[in-house]
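So the chains spell out like this:
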Amino acid sequence: MRQALRRIQDEPRSRLYRELAHAGTTVYYRTVSCGPAGQILVDGRPCLMLGSNDYLGLRFDGRVQEAAGRAAARWGSGAGGSRLLAGSIPLHRELEEALADWLGREDALLFTTGYQANLGTLSALLRPEDTVLCDTGVHASLLDGCRLAGARIQRFRRHRLRTLHARLAADAPAALVIDAVYSMEGDEAPLADVAGALGDGTCTLLLDEAHALGVYGPDGGGLATASEAGRRVDLVTGTLSKSLASCGGFVAGDRETIQAIRANARSLIFSTASVPAALGAARAALEIARAEPEHRVRVLENAALLREGLKSAGVDTGVSTSPIVPAILGDSARAFAASEQLFEAGIYAGIAIHPAVPKGSELVRFSVTAALSPSDVQQVVDVTSKVIRNLPDPTRVP
Ligand SMILES: Cc1ncc(COP(=O)(O)O)c(C=O)c1O
């Protein structure tokens, strides 16, 4: 067999997929569809959906679906190319202005995905001679953007402020990159502390609001809009794929920087723009997110109900304070077993194993949405507590 093909087949992930297939476990890439009454079906089984990041529950909102359809009918099914050459449709600019207004920034720039927004922004911003500080939990797209720039990446643990101060003093970083809400453990960034540590220095602070947008802030505009510390944030990135129930990404900041990113970001220049339907859906979802606070109130209430319920049943939910609620199980065998048993009981949740989380912190990841009712959440608590109680002890050697 060709060398490159053999190598990729030997990668740990390839081996894991083979082992799972051999054991008849289908944790990844399941087929999700909709039943006649709008119920979610996963591999044909009716399920409570706790594996999607549709925090405000707007994916199946008729207004959002109609807006997607109207945009496709008016502007076509595809964008036809990169905006640089194929041009932008009016919806691009409208959505950029609406995002900038929501986030309290001068301007915003859309990308086709959130991954591309982070990749394009950081690779345009940084140089090989730069040091960039990233904490240990940041999303892969942020790390990949720093890597593409060839910048020297220094890591620090996000709640260890002493390490952050030491790194700032030792490395004089060009940029500091953090997530607003951490996608696996579900904790919020210590933004006030980070802003305090940076002071008025020249280091650029980039905050990825992917999991905070729509949920935090008085108007749902994310963690940076929730406190004074947000003023220290220079650039906000995010995705349209979670609370905005669509697909796409963005960076927002001051007008001149956004213009420079527009001119240089390769993932923008060399990739076809979002389809009109995605822009139409995100535009409608943004309006709903701003005008109807009940969705973010509901998702936070549901998350608190799940977290407290699991904690009272002795389940370790770690440092979660957000709609991402992990059940930390301590090894991958337990995480796979729990997720499989939950699925059989009609609850769909993701799992995270090393290296997505540190070794020993393998978990089932519940992503709570406003589409769940309190009784749905109670059902998740009851079933999960039972499943976890009956798992084999991680420390017991068979
Ligand atoms: C923190 C964070 N940033 C960026 C992204 C990428 O966004 P998208 O899914 O739109 O590519 C994600 C998505 O999973 C994320 O969790």
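Up top you'll find the structure we're talking about.
Residues numbered from 1 in each chain as written. Predicted model: local features only at pLDDT ≥ 70, side-chain atom pairs only at ≥ 80, totals over all residues. Heavy atoms only, no water.

### Here's the deal with helix H3 (residues 62–75)
The end-to-end C-alpha separation of H3 is 20 Å, in line with the 20 Å expected for 14 residues at 1.5 Å each. Those residues of H3 not exposed but buried are Val 64, Ala 67, Ala 68 and Ala 71. Angularly, the buried residues of H3 cover 100° about the axis, an arc narrow enough to put them on a single face. For H3, exposure combined with an orientation more than 90 degrees from the buried face picks out Glu 66, Arg 70 and Ala 73. Each element contacted by the buried residues of H3 is listed here: helix H5 (90–103) and helix H12 (276–291). The opening residue of H3 is Asp 61, an N-cap whose side-chain oxygen sits 2.8 Å from the backbone nitrogen of Arg 63. Just beyond H3, the residue with positive phi is Gly 76, at close to 100°. (Helix = DSSP H or I, 4+ residues; strand = E, 2+ residues; numbered from the N terminus. Expected span 1.5 Å × (residues − 1). Buried < 20%, exposed > 50% of the residue type's maximum accessible area, 1.4 Å probe, protein only. Arc of directions from axis to C-beta. Contact = heavy atoms within 4.5 Å. Polar contact = N/O pair within 3.5 Å; in protein donor to acceptor, adjacent residues only side chain to side chain.)

### Side note on the side chain of His 211
By the secondary structure assignment, His 211 is in the loop between strand S9 (204–208) and strand S10 (235–239). Of the residues examined, His 211 reaches a relative accessible area of 6% and is grouped as buried. A polar contact of 2.6 Å, which involves the side chain of His 211, links it to the side chain of Tyr 55. When sequence neighbours within four positions are dropped, the list of residues in contact with His 211 reads Asn 53, Tyr 55, Val 181, Ser 183, Lys 242, Ile 324 and Arg 365.

### Quick look at the site of the ligand
Taken together, 15 residues are adjacent to the ligand, and Gly 114, Tyr 115, Asp 208, His 211 and Thr 239 come closest. Here a nitrogen atom of the ligand sits 2.6 Å away from a polar atom, N or O, in the side chain of Asp 208. Within the side chain of Thr 239, one N or O atom sits 2.6 Å away from an oxygen atom of the ligand. Summarising the interface, the protein chains cover 82% of the accessible area of the ligand, which totals 390 Å² for the free molecule. For the shell around the ligand, the class distribution of residues is two nonpolar, ten polar and three charged. (Near = heavy atom within 4 Å. Areas by Shrake-Rupley, 256 points an atom, 1.4 Å probe, with all protein chains shown as cover. Nonpolar A, V, L, I, M, F, W, Y, C, P; charged D, E, K, R; others polar.)

### Focus: the nonpolar core
Of all hydrophobic cores here, the largest spans 91 residues; its most connected members are Leu 50, Leu 99, Leu 306 and Phe 366. Top contributing element to this core by residue count: H12, with eight residues. Not counting residues within four places of it along the chain, the set of residues in contact with Phe 366 comprises Leu 50, Leu 306, Leu 310, Pro 323, Ile 324, Val 325, Ala 327, Leu 342, Ile 347, Ala 349, Val 380 and Thr 384. Counting residues in hydrophobic clusters, the runner-up holds 22 residues, among them Ala 117, Val 138, Cys 146 and Leu 268. (Core = buried A, V, L, I, M, F, W, Y, C linked by side-chain atoms within 4.5 Å.)

### Some points on unusual backbone geometry
Residue Pro 355 is reached from His 354 by a cis peptide bond, and omega for that bond is 10°. Within the secondary structure, Pro 355 is located in the loop between strand S13 (347–352) and strand S14 (363–367). With a phi angle near 55°, Tyr 29 is a residue other than glycine that sits in the positive phi range. Considering the arrangement of structural elements, one finds Tyr 29 in the loop between helix H2 (12–22) and strand S1 (32–34). The exposure class of Tyr 29 is exposed, given its relative accessible area of 73%. Of note in the backbone geometry, Asp 43 takes a positive phi value of approximately 50° without being a glycine. Tracing the sequence through the fold places Asp 43 in the loop between strand S2 (40–42) and strand S3 (45–46).

### Comments concerning the pairing of strand S7 (residues 152–156)
By the bridge criterion, five bridges tie strand S6 (residues 131–135) to S7 in an arrangement that is parallel. Looking at the pairing, Val 132 lines up with Ile 153 of S7. In this fold, the crossover linking S6 to S7 by way of helix H7 (residues 140–149) has right-handed handedness. (Pairing = 2+ DSSP bridges. Right-handed = clockwise from strand over helix to strand, strands pointing away.)

### Section: the pattern of salt bridges
Under the defined criterion, the tally for this structure stands at 20 salt bridges. The partner of Glu 96 in a salt bridge is Arg 83, and the shortest N-O contact between them spans 2.9 Å. Remark: Arg 83 occurs in helix H4 (residues 83–86) and Glu 96 occurs in helix H5; sequence separation between them is 13 residues. One exposure class covers both Glu 96 and Arg 83, and it is buried. As a salt-bridge pair, Arg 152 and Asp 171 come within 3.7 Å of each other at their nearest N and O atoms. On the criterion of sequence distance, the pair formed by Arg 152 in strand S7 and Asp 171 in helix H8 (residues 161–171) is long-range, its members being 19 residues apart. Because the salt bridges share partners, they merge into one network encompassing Arg 83, Arg 93, Glu 96, Glu 97 and Asp 107. (Salt bridge = Lys/Arg side-chain N within 4 Å of Asp/Glu carboxyl O.)

### A closer look at the packing of helix H14 (residues 332–344) against helix H15 (residues 374–389)
Interaxial distance between H14 and H15 falls to 10 Å at its minimum, and their mutual angle equals 140°. By the criterion of interaxial angle, the relationship of H14 to H15 is oblique. For the pair H14 and H15, the crossing hand works out as right-handed. Contacts between H14 and H15 pair Ala 338, Gln 341 and Leu 342 from the former with Val 383, Thr 384 and Val 387 from the latter. (Axes fitted to C-alpha atoms, helices over the stretch in contact; angles between N-to-C directions. Parallel < 35°, antiparallel > 145°, perpendicular 65-115°, else oblique. Left-handed = near helix turned anticlockwise from the far one by under 90°.)

### Digging into the sheet that holds strand S12 (residues 324–328)
An order of S4-S13-S14-S12 is seen for the four strands of this open sheet, with the pairing classed as mixed. The sheet is open, and its two edges are formed by strand S4 (48–50) and S12, each paired on a single side. The mean inter-strand angle of the sheet, taken between neighbouring strand axes irrespective of direction, is 30°. Two strands pair when backbone bridges link them, and S13 and S14 are joined in this way by three bridges, in the antiparallel orientation.

### Topic: the pairing of S6
Of all five residues making up S6, five are buried, and the element is well covered by its neighbours. Taking every second residue as pointing to the same face, both faces of S6 are buried, with Thr 131, Leu 133 and Asp 135 on one and Val 132 and Cys 134 on the other. Sheet topology places S6 next to strand S8 (residues 175–179); three bridges connect them, and they run parallel. Considered in S8, the bridge of Cys 134 is made with Val 177.

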